[in-house]
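A structural walkthrough
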Amino acid sequence: VFGKTYLSGPIRLNVSHITLDITGTLKMLPYKQYLNYHDQNPFISNDPNLVGLAIVGEGGTIESTSPLRWWMCKYTGCWRPHLIVLSSAFDVFVGAGLRLHDSPNHHMRIENCTVVRVDHLIVDSPLLSPNTDGVNFYGGKDQSFTNSVVTNGDDC
């Protein structure tokens, strides 16, 4: 994604040794259009057991298009996707100047991954945005979160 703004439905990384390099802005489809994907997928996710995943972007941004509408779901009970969920992968890198902005739910969830480096990542959403956690690690090992800035409506 180079230097422009793009709208997309859910993205699934399904091969090893892949880099998603965002130098423009990658936006989720607006609320009603995104709901057409009935699988309730996060915006960006991966197939299990992949090796060598990277999501980077010097000056690039990944964001939602309807943050207020999504955030209302916290109070009405409707489903809200995470911006990025990486699961059961080995050798993962996220950052290099990438910005995650106004996620509908958690910005990034990393679960059961090994050898993970999150470095030079910017995560931001308004202080009152509900449950917009920055980066959550669940399980896995050999993980680091360095040289990054998180300002959001919940915890890091």
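Counting starts from 1 at the beginning of each chain's written sequence and moves along it residue by residue. Two thresholds apply to this predicted model, a pLDDT of at least 70 for residue-level local features and 80 or more for giving and counting side-chain atom pairs, whereas whole-chain, interface and lining totals are computed over all residues. Only hydrogens and water are removed before side-chain values are computed, so all heavy atoms of the structure are retained for them.

Glancing now at the overall build of the protein chain. Of the regular secondary structure elements, the protein chain holds two helices and 16 strands. Only C-alpha atoms enter the radius of gyration; for comparison, a globular chain is expected to reach 2.2 Å times N to the power 0.38, where N is the number of residues. For the protein chain, whose C-alpha radius of gyration is 14 Å, the value lies close to the compact-globule estimate of 15 Å for 156 residues. Projected onto the principal axes, the alpha-carbon positions of the protein chain cover approximately 35 × 30 × 30 Å. Counting only residues that meet the buried cut, the protein chain has 48% of its 156 residues in that class. Within the protein chain, residue pairs in contact and separated by at least 24 positions form 69% of the contacts whose partners lie at least 6 positions apart. Comment: elements are numbered from the N terminus, with helices defined as DSSP H or I runs of at least four residues and strands as E runs of at least two. Each residue gets one of three labels from its accessible area relative to the maximum for its type: buried under 20%, exposed over 50%, partly exposed in between, using a 1.4 Å probe on protein chains only. It only takes one pair of heavy atoms within 4.5 Å for two residues to be counted as in contact.

Turning next to the pairing of strand β12 (residues 114–119). The two faces of a sheet get side chains in turn, since along a regular strand they alternate between them. Only strands joined by at least two bridges in the DSSP assignment are considered to pair. Where strand β9 (residues 90–95) and β12 come together, five bridges link them in parallel fashion. If you follow Val94 over to β12, its bridge partner there is Val118. Sheet topology note: the β12/strand β15 (residues 141–146) ladder contains five bridges and is parallel. If you follow Asp119 over to β15, its bridge partner there is Thr146.

This part takes up the sheet that holds strand β10 (residues 99–101). Either a parallel or an antiparallel arrangement is found when strands of a sheet pair, and the pairing is made through backbone hydrogen bonds. Across the sheet, six strands lie side by side as β1-β4-β7-β10-β13-β16; this open sheet has parallel pairing. Edge positions in the open sheet fall to β1 (5–8) and β16 (149–151), since each of these has one partner strand only. Sheet twist, expressed as the average angle between the axes of neighbouring strands with direction ignored, equals 15 degrees. Both strand β4 (residues 25–28) and strand β7 (residues 61–63) contribute to a ladder of three bridges, which runs parallel. Opposite Thr25, over in β7, you have Thr61 as the bridge partner. Every axis corresponds to a line fitted to the C-alpha atoms, with the helix fit spanning only the stretch in contact, and the corresponding angles, defined between N-to-C directions, vary from 0 to 180 degrees.

Glancing now at helix α2 (residues 67–76). Every buried residue of α2 is listed here: Pro67, Trp70, Trp71 and Cys73. Burial along α2 is one-sided: seen end-on, the buried residues are contained in an arc of 135 degrees. Exposed side chains of α2 directed beyond 90 degrees from the buried face belong to Leu68, Tyr75 and Thr76. In this structure, the buried side of α2 is in contact with β4 and α1 (31–34). Gly77 sits one or two positions beyond α2 and adopts a positive phi of about 90 degrees. Starting at the helix axis, one direction is taken to each C-beta atom, and the arc is that of these directions.

This brings us to the packing of aromatic side chains. Each aromatic pair joins two rings of Phe, Tyr and Trp (for Trp, the six-membered one) with centres within 6.5 Å, and gets the label stacked for planes under 30 degrees apart, edge-to-face for over 60, and tilted for any other angle. Taken as a whole and judged by the stated rule, the model has five aromatic pairs. With a centroid separation of 4.8 Å and an interplanar angle of 70 degrees, the aromatic rings of Tyr31 and Trp70 are classed as edge-to-face. Of the two residues, Tyr31 sits in helix α1 while Trp70 sits in helix α2, which places them 39 residues apart along the sequence. Taken as a pair, Tyr31 and Trp70 share a single burial class, namely buried. Put simply, the rings of Tyr31, Tyr34, Phe43, Trp70 and Trp79 pair up and form one aromatic cluster.

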